[in-house]
Amino acid sequence: MTVPLVAKAQVRMLAEGVTDAAPPADPVPDDLLPRRMFTAEQIRASLPAPGGFGLKDLLVSR
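Description of the structure in this document. (Residues numbered from 1 in each chain as written. Predicted model: local features only at pLDDT ≥ 70, side-chain atom pairs only at ≥ 80, totals over all residues. Heavy atoms only, no water.)

Concerning the overall build of the protein chain
Our working definition: Secondary structure counts use DSSP, requiring at least four H or I residues in a row for a helix and at least two E residues in a row for a strand, with both numbered from the N terminus. All radius of gyration figures rest on C-alpha atoms, and the globule criterion is 2.2 Å times the number of residues raised to 0.38. Remark: exposure states derive from per-residue accessible area (1.4 Å probe, protein chains only) relative to the maximum for the residue type, with buried under 20%, exposed over 50%, and partly exposed in between.
Of the regular secondary structure elements, the protein chain holds 2 helices and 0 strands. The C-alpha radius of gyration of the protein chain comes to 21 Å, more than 25% above the 11 Å expected for a compact globule of 62 residues. Oriented by its inertia axes, the alpha-carbon framework of the protein chain measures out at about 45 × 45 × 30 Å. A burial count over the protein chain gives 0% of its 62 residues as buried.

Right, here's the structure in full:
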């Protein structure tokens, strides 16, 4: 199976008894709301060119 039906982390959470959902959170205060909205075009423009990883992507520590 390429994609498992359940992840190891999910099984561990169930084994630890984490089965109830957390209560809903309060809304974010107005001073913490985002002031700048990004469009899909802005995000795509800042991403690197599509392609696989290569040797140039590796960081070599000394």
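Digging into helix H1 (residues 8-15)
Of all the 8 residues making up H1, 0 are buried; the element is thus mostly uncovered. Backbone geometry just downstream of H1 places Gly-17 in the positive-phi region, at approximately 90°.

Observations concerning a nonpolar patch on the surface
The line we're drawing: Excluding any residue in a salt bridge, patches collect residues exceeding 30% relative accessible area, merging like charges within 9 Å and nonpolar Val, Leu, Ile, Met, Phe, Trp and Tyr side chains within 5 Å. Methods summary: accessible areas were calculated by the Shrake-Rupley approach with a probe of 1.4 Å, and residue burial reflects only the protein chains presented. Salt bridges are counted wherever a side-chain nitrogen of Lys or Arg sits within 4 Å of a carboxyl oxygen of Asp or Glu.
The grouping of Leu-5, Val-6 and Val-11 at the surface amounts to a nonpolar patch, some 310 Å² of accessible area in total. Along the chain, Leu-5 turns up in the segment before H1.

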